[in-house]
Amino acid sequence: MLNKDHPRYQSLVYRDKIVKAHQQGILADSGMIAHGRGETFDYLIGEKTTPNSQNTIDIAACYFLTSKKPVLSVNGNTTALVSEDVAELSKLLDIPIEINLYYRTPERIRNIEKVYTDLGVKELLGTDEDDFIDTPDLNGPRSPVSIEGIKKADLVFIPLEDGDRAEKLSALDKDILNIDLNPLSRTAQTSTVTIVDNIVRAMPAIITSINKYIDYDKKDLQEKIDNFDNKTNLNNAIQDIIKRFE
Ligand code: ATP
């Protein structure tokens, strides 16, 4: 029923997905608020992928292609917006998906599990049948991680993650990739690589970038990684916002 001529058409389409995911028991109430925080920053960055963010997306692709044991950690917001892209990335590089929720309930886990099994994902971790271990220094239902997933992974992809979990995961000996529209969030500040972009643009762009680099020599990919600095990336993202309003 949305009018395509509406200037905020895309934004309304994604709001609709968020509302439906909430009605379907995929998204917690707070997930709707988190989406609003993301929209604010998307407005500030101009609702497009900046050259700086495209470069960071390429670095993320290099990490995916060089890591030994990556895992894709998904929550309700990620599932509401980009479950198809997550499933495609999982299949492209044979990476397991781990469901990891801030507000974990058996019902939400089952609903999210169904989304990915319906998309043909074979290796789905973090379900109630899985074996878990607590994240050090983190309490509550968001603490457990899958032993076969995040616990053993060398690379953890945590789009739209809460800052507490991101901080604790970053303290472990793992590379942390993250997508977050807010360059100032604790998640953005503590990750190894932060893509400051909307997940709906960043996910397809990561897949395109992986396909671009898939046949490259691993040494060349590692060189790109070694030349990347996340602090510089985040400062560039903040400068990009400031420049828009100068
Ligand atoms: P932190 O705890 O990391 O300091 P926070 O408390 O704002 O940050 P949450 O509200 O738990 O974090 O998580 C939401 C984060 O996800 C926010 O930083 C928000 O900007 C970001 N976000 C929300 N929607 C999107 C989206 N579609 N694409 C990218 N980032 C998003």
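Here the structure is a predicted model, which is why all the values come from computation and not from measurement. Sequence positions are assigned chain by chain, starting from 1 and proceeding in written order. A pLDDT threshold of at least 70 governs which residues receive local features in this predicted model, and a stricter bar of 80 or more applies before side-chain atom pairs are shown or counted, although totals over entire chains, interfaces and linings include all residues. Water and hydrogen atoms were dropped before computing side-chain values, which therefore reflect all heavy atoms in the structure.

Q: Help me understand the pattern of salt bridges, please; the structure alone is not making it clear to me.
A: Where charged atoms from two side chains of opposite charge approach closely, those side chains can pair. Note on definitions: salt bridges are taken to be side-chain nitrogens of Lys or Arg within 4 Å of carboxyl oxygens of Asp or Glu. Tallying each qualifying case throughout the model produces 14 salt bridges. With a shortest N-O distance of 2.4 Å, Arg8 and Glu47 are connected by a salt bridge. On the criterion of sequence distance, the pair formed by Arg8 in the segment before helix H1 (9-23) and Glu47 in the loop between helix H2 (29-45) and helix H3 (51-66) is long-range, its members being 39 residues apart. Overall, Arg8 belongs to the partly exposed group, its relative accessible area being 29%. Only protein chains enter the calculation, and the probe is 1.4 Å; a residue is then buried if its accessible area is under 20% of its type maximum, exposed if over 50%, and partly exposed in between. Relative accessible area serves as the criterion here: at 36%, Glu47 is assigned to the partly exposed category. In this structure, the salt-bridge partner of Asp118 is Lys114, at a minimum N-O distance of 2.6 Å. Of this pair, Asp118 and Lys114 both sit in helix H5 (residues 106-118), separated by 4 residues, roughly a single helical turn. Counting from the N terminus, the helices are DSSP H or I runs at least four residues long and the strands are E runs at least two residues long.

Q: What is the right way to read the packing of aromatic side chains from this model?
A: What describes a pair of aromatic rings is the distance from one ring centre to the other and the angle between the planes of the rings. Ring geometry is summarised as follows: Phe, Tyr and Trp rings, the Trp one being its six-membered ring, pair when their centres sit within 6.5 Å, and such pairs are stacked at plane angles under 30 degrees, edge-to-face over 60 and tilted between the two. With the rule as written, the count across this model stands at 3 aromatic pairs. Each ring, one from Phe64 and one from Phe157, has its centre 5.5 Å from the other, and the planes form 70 degrees; the classification is edge-to-face. Highlighted residues: Phe64 in helix H3 and Phe157 in strand E6 (residues 155-157), separated in sequence by 93 residues. Centre to centre, the rings of Tyr102 and Tyr103 are 4.8 Å apart; their planes meet at 55 degrees, and the pair counts as tilted. On the basis of relative accessibility, which here comes to 34%, the residue Tyr102 falls in the partly exposed class.

Q: Please explain the site of the ligand as it appears in this structure.
A: Near is defined per residue: the residue qualifies when any heavy atom it owns lies within 4 Å of the molecule or strand. Around the ligand, a shell composed of 17 residues is seen, among which Arg37, Gly163, Asp180, Arg186 and Thr187 lie nearest. Whenever two N or O atoms come within 3.5 Å, that pair is a polar contact, provided that in protein one can donate a hydrogen and the other can accept it, and provided that, for residues adjacent in sequence, both atoms are side-chain atoms. Asp180 has a polar side-chain atom sitting 2.8 Å from an oxygen atom of the ligand. Thr187 places a side-chain nitrogen or oxygen 2.7 Å from an oxygen atom of the ligand. For the shell around the ligand, the secondary structure elements donating two or more residues are H2 and helix H8 (186-190). It is H2 that provides the largest number of residues to the shell around the ligand, a total of 3 residues.

Q: Looking at this model, I keep getting lost on the nonpolar core. Mind explaining?
A: One broad rule of soluble globular proteins: the nonpolar side chains tend to lie buried together. Membership of the largest hydrophobic core comes to 48 residues, with the highest contact counts inside it found for Phe64, Met203 and Ile206. Counting residues per element, this core draws most heavily on helix H9 (residues 199-213), at 9 residues. Should any heavy atoms of two residues lie within 4.5 Å, those residues are counted as being in contact. Every residue in contact with Met203, bar those within four places of it in the chain, is listed here: Val82, Asp85, Val86, Leu89, Phe157 and Ile179. In this description, a nonpolar core means a group of buried Ala, Val, Leu, Ile, Met, Phe, Trp, Tyr and Cys residues linked to one another through side-chain atoms lying within 4.5 Å. Listed in part, the 9 residues of the second largest apolar core include Val145, Ile158, Ala166 and Ile176.

Q: Is there a simple way to think about the pairing of strand E7 (residues 175-179) in this case?
A: Regular strands place their side chains on alternate faces of the sheet. Most of E7 is tucked away, with 4 of its 5 residues classed as buried. Bridging between E6 and E7 involves 3 bridges; their strand directions are parallel. Paired with Val156 across the strands is Ile176, a residue of E7. Handedness rule for crossovers: strands pointing away from the viewer, path from the first strand over the helix to the second running clockwise, crossover right-handed. With helix H7 (residues 163-171) bridging E6 and its parallel neighbour E7, the resulting β-α-β unit is right-handed. Sheet topology places E7 next to strand E8 (residues 193-195); 3 bridges connect them, and they run parallel. The residue bridging Ile179 from the neighbouring strand is Ile195, located in E8. Strands pair, by our definition, only if DSSP identifies at least two bridges between them.

Q: What exactly am I supposed to notice about the sheet that holds strand E2 (residues 97-99) here?
A: In a beta sheet, neighbouring strands are held together by backbone hydrogen bonds and run either parallel or antiparallel to one another. Reading across the sheet, the 6 strands line up as E3-E2-E1-E6-E7-E8 and stay open at both edges, with parallel pairing between neighbours. At either end of the open sheet lies a strand with only one pairing partner, and these are strand E3 (124-125) and E8. A fitted line through C-alpha atoms serves as each axis, taken over the contacting stretch for helices, and the angle formed by two N-to-C directions is quoted from 0 to 180°. The sheet strands contacting H5 are strand E1 (70-74), E2 and E3, and the helix crosses E2 at an angle near 160 degrees.

Q: When you look at the environment of Ala80 in this model, what are you seeing that I'm missing?
A: Inspection of the secondary structure assignment puts Ala80 in helix H4 (residues 76-93). Residue class for Ala80 comes out buried when judged on its relative accessible area of 14%. Residues Ala80 and Thr135, 55 residues apart in the sequence, show an inter-C-alpha distance of 25 Å. Those residues within four positions of Ala80 in sequence are excluded, and the remaining contacts are Lys17, Ile18 and Ala21.

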